[in-house]
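# Chains, contacts and geometry: an overview
Residue strings, one per chain:
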Amino acid sequence: MKLGVFDSGLGGLLIARAIRSALPDVDMLYFGDTLHLPYGNRSDEAIYKYTRKAMDYLFAQDCALIVIACNTASAAALRRLQQTYLPTLKGTPYAGRNIIGVVVPTLEAAIDQKFKSIGLIATHSIVTSGVYAEELKKLNPHLSMRAQATPLLVPMIEQGGLPWIDGVLAFYLRDFCEDPVDALLLGCTHYPIIRDRISAHLPAQTQIMAQDEIIPQKLRDYLMRHPEYSDRIGRNGRSEFHVSDLTNNYLTAAQALYGHAIPVMEAKDYDT
Ligand code: DGL
């Protein structure tokens, strides 16, 4: 069986690459829902529907455990999937499999570092969902968090907007400059790409917490604590990359992001 890694499309490749470095022998299937990308400005209902379909796909592809690397899908769909979708798998060949997300592990990593104040930048959907703040309250009610929606960043990263991104970052990060936080969480798969640019707009005392560093570590711990999934995942170091809609643009962007060419294939009959 395999470890599934799901994202709305592109940014999750950075997380998949980091997971590959941390867990070199794990058989992994990455699935990007490029047909419905971007998720960041969609309704919760649409994100849930798309994510559930992706879970069906990944389970049918023999994934024992799925990591939803996409923050937007983790925020809008994970809880509902765990509460209402996973129970429907009882009595089916997919019983006993699991889905995990990135919100709680990211917050745990920040809490472990004993920061007193944290900031979050993320897509519009994540910030309005309030999921990061809600989960933080459960994990540590004494830690304060300020969130800023940064909806232009994903399209700018994906559409060649990097030459103009500094002006946009200066605008989005102005509150974190005037009233600094100890750590800024990058709550979107794409943001590690512009980590240095973000850092340049923050006071020196603010530490950046990026998920390409956090998630592989947390996943390794999770697999150690959960042999019921890890023992079923193959250890031949195989990587597969599937998307719901394959274009030349995606291949070019995926290669740039992953660092080398990767064999991407289109999921069969995904839209039917
Ligand atoms: N992957 C998404 C996330 O981490 C951002 C991209 C999108 O909007 O689809 O939130």
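For the structure, see preceding data.
Residues numbered from 1 in each chain as written. Predicted model: local features only at pLDDT ≥ 70, side-chain atom pairs only at ≥ 80, totals over all residues. Heavy atoms only, no water.

### Digging into helix α11 (residues 211-225)
Keep this limit in mind: Where helices and strands are cited, they refer to DSSP runs of H or I of at least four residues and of E of at least two residues respectively, numbered from the N terminus. The span one expects for a helix is its residue count, reduced by one, times 1.5 Å. Using a 1.4 Å probe on the protein chains alone, a residue whose accessible area is under 20% of its type maximum counts as buried, one over 50% counts as exposed, and one in between counts as partly exposed.
Between the first and last C-alpha of α11 there are 20 Å, a value that for 15 residues agrees with the 21 Å anticipated at 1.5 Å per step. Along α11, the residues classified as buried are Gln211, Ile214, Ile215, Pro216, Lys218, Leu219, Tyr222 and Leu223.

### Some points on the pairing of strand β7 (residues 183-186)
Quick note on the threshold: For two strands to pair, DSSP has to find at least two bridges joining them. Consider the strands pointing away from the viewer: the crossover is right-handed when the path from the first strand over the helix to the second runs clockwise.
Residue alternation in β7 divides its side chains into two sets, Ala183 and Leu185 and Leu184 and Leu186, and both sets are buried. Judged from the four bridges that link them, strand β5 (residues 117-122) and β7 form a sheet pairing that is parallel. Paired with Ile118 across the strands is Ala183, a residue of β7. Strand direction decides the pairing type here: β7 and strand β8 (residues 207-210), joined by four bridges, are parallel. The partner of Leu185 across the bridge, within β8, is Met209. In this fold, the crossover linking β7 to β8 by way of helix α10 (residues 195-200) has right-handed handedness.

### Section: the side chain of Asn98
Put simply, the test is: Here a polar contact means two N or O atoms within 3.5 Å. Within protein one must be a hydrogen donor candidate and the other an acceptor candidate, and residues neighboring in sequence count only if both atoms are side-chain atoms.
For Asn98, the location among the structural elements is in strand β4 (residues 98-100). Overall, the relative accessible area of 15% leaves Asn98 in the buried class. Side-chain polar atoms of Asn98 contact the side chain of Tyr229, separated by 3.4 Å.

### Considering the sheet that holds strand β6 (residues 144-149)
Formally: Structural elements are reduced to axes, namely lines fitted to C-alpha atoms, with helices fitted over the stretch in contact, and the angle between N-to-C directions of any two is expressed from 0 to 180 degrees. Pairs of residues are marked as contacts when any of their non-hydrogen atoms sit within 4.5 Å.
The sheet built from four strands is open, its strands ordered β6-β5-β7-β8 with parallel pairing. One side of each edge strand has no neighbouring strand; the edge strands of this open sheet are β6 and β8. Between one strand axis and the next, the sheet turns by 25° as a mean value, whatever way the strands run. The sheet contacts of helix α6 (residues 131-139) involve β5, β6 and β7, and relative to β6 the element is tilted by about 170°. The strands touched by α11 within the sheet are β7 and β8, with β8 carrying the most contacts at an inclination of about 55°.

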